[in-house]
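Observations on the model geometry
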Amino acid sequence: MPAPSALSTIAAAGPPPPDALAPDEGLRLLDDPDEWREFSRPVERGQDAARTESQSWESSVVFEGMYCAACAGTIEDALCAVPGVQSAQVSAASRRGRVVWDAALTQPSRWMSAVRAAGYRPLPAHDPQASERRLAETRTMLWRLAVAGVCMMQVMMCAAPTYLPHSDEIAPDLLSLLRWAGWMLAIPVMVFSCQPFFANALRDLRQRRVSMDLPVALGMGITFVVSTLGTFDPKGLFGHEVYFDSLTMFVFFLLAGRWLELRLRDRTAGALESLMHRLPESVERQCADGSFERVAARRLRVGDVVRVRPGEAFAADGVLLRGDTTADEALLTGESTPLPRGVGDTVIAGSHNLGGVVEQRVDRLGADTRYAQIVALMAEASTAKPRLARLADRVARPFLLAMLLAAGLSVAWWWPSDPGHAVMIGVAVLVVTCPCALSLATPVAMLAAAGSMARAGVLVRHLQALETLAGVDTVVFDKTGTLTRDGFVLVQARARAGVSRQQALALAAALAGGSLHPVSRALAAAAQEEAPLLAGGWRVEAQQEVAGQGVRASVHAPSIGVQGAVSLGSAAFCGLSEIAAGDEEASEGLQAHLSDAQGWLASFTLREDLRDDAAAAVRALAGLGVQVRLLSGDAPQAAERLAAQAGIAQARGGCTPADKLAQLRAWQQAGHSVAMIGDGLNDGPVLAGADVSVAFGRSVPLARAQSDFVVMSDYLTPVVAFFVKARHTMAVVRQNLMWAVGYNAVAVPLAVAGWMPAWAAGLGMAASSLLVVLNALRLARP
């Protein structure tokens, strides 16, 4: 059995007292660099990246016990107060946070202890026991809900006679008995069902702050105290009426709303959770004698050989050494169809083995895997705060303080007429004005959209970009690697008399064999398909490649009459002055030539292969009212030709990176909101200058792709889909904000006027948050 990790130890440990400032033994385990690397990554990698003592780290953390925007602000304040913590960002919607800290000044145990002292429980984001804890939390909440529901029904039975006609004819002794029965039934609700509200409120009072649970707990406590006084002293100040029925009803409604909200939040963040926990905790590693032993996945090293059984996930990037299988890479690449993998094929960490037992050599681990880069991007998005969410967070605390004041003024206004009724009006104001819906309106919708897009193979780096994307009216494509595939395809080959097409291709491939240029690779691939054996017996020596021009070598190929120096490349490089540069540009594609001592030997016409769905994607974008344009560094004629094939009306070729950026800024100055779509490799300046940037293709280096979105597949269809999703997302955000603001605008005056009882206030508060989350859940659908 593998040794238990520190993450499991932390998960199993119970929460410490709120005033426990010193790190406990469980937290100190996370100070081991091998442990914190499980949920952290270096902020900057330099030559001394291995020296963790001088490195800034970014940790992904889950916070238990938080329910609102005010909680998020409290955690951020507690973290930033720790020396060595450089920044902290916490999202109330996802209950996740990013902490950037200096390993020379602090350790994870210190800033985690600060969070615990604030009353919350921090856990590493990659905690393998997260699902078990969430299930336990859900079960406990269901028990609290069940107790509140059963007691509510019994209390309603006791209170029902007082609402019937002629209730004033009920004998005083019977009325007192009914009140005592209601009091007895309300005690389990207060002690057990209301425990989370009171615990959070007590924590807030100790920390001298206000969160959304404080007014709710005040309302519950005041209602129970007033009703208890009325039960014990029916002729006293509050003896006119008791409110146990209202108390148990709004506790039940609040718990039901919070439970449903928790379930729905889990669904909106499902894609991130699925990715976070795809790696196995343990693997079968090959020993020196050839046998296999099960070890913790974190003990793997590059070069190890592991055995992966059907149904298990690959723990690292590597190559298959034995066995054939199919791999599910849907959440990592957007490819929904399982892919066949055999000996010599590469498999990626996080993909699932669906076929037979295979053996894999480990080539990349941890932060070096594409899986880790994808998870880091999604974690960054889950903790980001869009502009509207930051605004809602800023107004949450002042709004709560204002509502506490409003509740007090309401009680003072109504007190002279009926003290008991005045107190219940104050309770209704406290409960109904909780700004949960306002705080959730934006982030929960954007997280749901980001999760849906991740399942479709599109990573969202910045949630704010969804708002900007919804207003984009111009899309600019780069050509090579974006509208076209990564390589070229051969469309025509001509050779001089006595040399066949296949012989010319074989000769070109012999010269191009050591070159990585796209044209060389295309010619080599064509020769492999058409003339795989013709070069046998030929000698190619002294190869020399001139960057951007061609390849030259000494060739001995008597079967085709070629002896001596042979050149492959442009007309100028091959010394073919009879082929004008203008003729090359005017041809139906890129030209490459072969020449020897006799002069021209062969010419090859290649063109970039337009992606199959490029034209359909351009038409779909145009149908959305978006202008589509093309900027390319290739020759103007080539750019215009490809634009015509894709259906793009405006194209400009011959652009340097500076030219592209200048053109982009000109469009922006003309009032356009511009999205740039490129391969993320050589489009850095123009991607950075665009209003929205999209890095496209499986070859995108995720760690360096500083873009708002990353399309992980090689299809353009997802680009259209996330334009539609962004517009749908902002429509849902606007609906949520309108509902949250409208609800408070209507409910607060009704509560202050005394027209909304406490149970209705609880129902309204729960329903408002639930409606916001349900509306956002529509975005989680594909």
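Small disclaimer: the values here were computed from a predicted structure and weren't measured.

Attention now moves to the sheet that holds strand 13 (residues 352-353). Taken in spatial order, the three strands of this open sheet run 11-10-13, and their pairing is antiparallel. Strands with a single pairing partner mark the edges of an open sheet, and in this sheet they are strand 11 (339-341) and strand 13. Examined bridge by bridge, strand 10 (residues 325-328) and strand 13 share two bridges and lie antiparallel to one another. Bridged to Ala 327 within strand 13 is Asn 353.

This part covers helix 23 (residues 614-623). Every buried residue of helix 23 is listed here: Ala 614, Ala 615, Ala 617, Val 618 and Leu 621. Viewed end-on, helix 23 has its buried residues packed into an arc of 160°, placing them on one side of the element. Of the residues in helix 23, the exposed ones pointing more than 90 degrees away from the buried face are Arg 619 and Gly 623. Following helix 23 by one or two positions, Gly 625 has its phi on the positive side, about 85°.

Okay, the sheet that holds strand 16 (residues 474-478) next. Across the sheet, seven strands lie side by side as 15-27-26-25-16-23-24; this open sheet has mixed pairing. Where the open sheet ends on each side, the last strands, each with one partner, are strand 15 (458-460) and strand 24 (650-652). Across the sheet, the mean angle separating the axes of adjacent strands is 20° when strand polarity is ignored. Sheet strands in contact with helix 24 (residues 636-646) are strand 23 (627-631) and strand 24, and its direction is about 155° off that of strand 24. Helix 27 (residues 717-752) contacts strand 15, strand 16, strand 25 (674-678), strand 26 (692-696) and strand 27 (709-711) of the sheet and is inclined by roughly 145° relative to strand 27.

Note that Leu 737 resides in helix 27. Overall, the relative accessible area of 22% leaves Leu 737 in the partly exposed class. Residues Leu 737 and Val 772, spaced 35 residues apart in sequence, show a C-alpha to C-alpha distance of 8.6 Å.

The next subject is the pattern of salt bridges. Overall, the coordinates contain 13 salt bridges when judged by the stated rule. Through salt bridges with shared partners, one network takes in Glu 284, Arg 294, Arg 307, Arg 309 and Glu 312.

Turning our attention to the nonpolar core. Counting 55 residues, the largest nonpolar core has Val 475, Phe 477, Leu 483, Phe 709, Phe 722 and Phe 723 as the members making the most contacts within it. Those residues within four positions of Phe 709 in sequence are excluded, and the remaining contacts are Met 453, Val 458, Leu 459, Val 460, Ala 465, Leu 466, Leu 469, Val 692, Ser 693, Val 694 and Ala 695. Judged by nonpolar contacts, the second largest core, of 48 residues, contains Val 210, Leu 214, Phe 244 and Ala 751.

This part covers the packing of aromatic side chains. Tallying each qualifying case throughout the model produces eight aromatic pairs. Geometrically, the ring pair formed by Trp 180 and Trp 183 is edge-to-face, given 5.5 Å between the ring centres and 80° between the ring planes. Within this pair, Trp 180 and its partner Trp 183 are both found in helix 7 (residues 172-193), separated by three residues, close to a single helical turn. Residue classification places Trp 180 among the partly exposed positions, given a relative accessible area of 32%. Centroid distance Phe 224 to Phe 244: 6.2 Å. Interplanar angle 65°. Geometry classified as edge-to-face. Here the residue Phe 224 occupies a position in helix 9 (residues 213-232), and Phe 244 occupies one in helix 10 (residues 244-268), the gap between them amounting to 20 residues. Assigned by exposure class, Phe 224 and Phe 244 land together as buried. An aromatic cluster of at least three residues, connected via ring pairs, comprises Trp 180, Trp 183 and Phe 232. Across the ring face of Phe 192, the terminal group of Arg 144 is positioned such that the distance to the ring centre comes to 4.9 Å. In this arrangement the basic side chain of Arg 307 is found over the ring face of Phe 292, its NZ or CZ atom lying 4.2 Å from the centre.

Per-residue confidence for the protein averages 79 on the pLDDT scale, and 82% of its residues sit at or above 70. Confidence scores differ between elements of the protein, with helix 1 (residues 6-12) showing the lowest mean pLDDT of 46 and strand 8 (residues 305-308) the highest of 92. Note that pLDDT drops below 50 for residues 1-22; the model gives that stretch 46 contacts with residues more than four away or on any other chain. Here residues 45-53 is a poorly scored stretch, pLDDT under 50, and it has 13 contacts once near neighbours within four places are set aside; other chains count.

Moving on, we get to the packing of helix 15 (residues 419-432) against helix 27. Where helix 15 contacts helix 27, the two axes come as close as 8 Å, and the packing angle between them is 170°. Here helix 27 runs roughly antiparallel to helix 15, going by the angle between their axes. Residues Ile 425, Ala 428, Val 429 and Val 432 of helix 15 form the contact with helix 27, whose participating residues are Tyr 743, Asn 744, Ala 747, Ala 751 and Val 752.

Let us now look at the side chain of Glu 58. Following the sequence through the fold, Glu 58 ends up in strand 2 (residues 56-64). Overall, Glu 58 belongs to the buried group, its relative accessible area being 13%. A polar side-chain atom of Glu 58 sits 3.2 Å from a polar atom in the side chain of Arg 98. Setting aside residues no more than four positions away along its own chain, Glu 58 makes contact with Phe 39, Ser 40, Arg 41, Val 43, Arg 98, Val 99 and Val 100.

Looking now at helix 25 (residues 657-669). The end-to-end C-alpha distance of helix 25 is 18 Å, a good match for the 18 Å that 13 residues give at a rise of 1.5 Å each. Among the residues of helix 25, those classed as buried are Lys 660, Leu 661, Gln 663, Leu 664 and Trp 667. Viewed along the axis of helix 25, the buried residues span an arc of 165°, placing them on a single side of the element. Opposite the packed face of helix 25, turned more than 90 degrees from it, sit the exposed residues Ala 658 and Gln 669. Taken from the residues just after helix 25, Gly 671 is the one with a positive phi, measuring 100°.

What follows concerns the pairing of strand 20 (residues 562-569). Regular strands place their side chains on alternate faces of the sheet. For strand 19 (residues 550-557) and strand 20, the ladder comprises eight bridges, and the chain directions are antiparallel. Counted as the bridge partner of Val 551 is Leu 568 from strand 20. Here strand 20 runs beside strand 21 (residues 590-596); their pairing, made up of three bridges, is antiparallel. Bridging from a neighbouring strand, Gly 569 pairs with His 593 of strand 21.

A packed helix pair is summarised by two numbers, namely the angle formed by the two axes and the spacing between the axes. Taken N-terminus to C-terminus, the directions of helix 7 and helix 8 (residues 195-207) make an angle of 50°; their axes are 5 Å apart at the nearest point. When the interaxial angle is binned, helix 7 and helix 8 end up oblique. Of the residues in helix 8, those in contact with Met 190, Val 191, Phe 192 and Ser 193 of helix 7 are Gln 195, Pro 196, Phe 197 and Phe 198. Grouping the amino acids of the contact of helix 7 with helix 8 by side-chain chemistry returns six nonpolar, two polar and no charged.

How each quantity is defined
- Residues numbered from 1 in each chain as written.
- Predicted model: local features only at pLDDT ≥ 70, side-chain atom pairs only at ≥ 80, totals over all residues.
- Heavy atoms only, no water.
- Pairing = 2+ DSSP bridges.
- Helix = DSSP H or I, 4+ residues; strand = E, 2+ residues; numbered from the N terminus.
- Buried < 20%, exposed > 50% of the residue type's maximum accessible area, 1.4 Å probe, protein only.
- Arc of directions from axis to C-beta.
- Axes fitted to C-alpha atoms, helices over the stretch in contact; angles between N-to-C directions.
- Contact = heavy atoms within 4.5 Å.
- Salt bridge = Lys/Arg side-chain N within 4 Å of Asp/Glu carboxyl O.
- Core = buried A, V, L, I, M, F, W, Y, C linked by side-chain atoms within 4.5 Å.
- Phe/Tyr/Trp six-rings, centres within 6.5 Å; stacked < 30°, edge-to-face > 60°.
- Lys NZ or Arg CZ within 6 Å of the ring centre and 35° of its normal.
- pLDDT = per-residue confidence, 0-100.
- Parallel < 35°, antiparallel > 145°, perpendicular 65-115°, else oblique.
- Polar contact = N/O pair within 3.5 Å; in protein donor to acceptor, adjacent residues only side chain to side chain.
- Expected span 1.5 Å × (residues − 1).
- Nonpolar A, V, L, I, M, F, W, Y, C, P; charged D, E, K, R; others polar.

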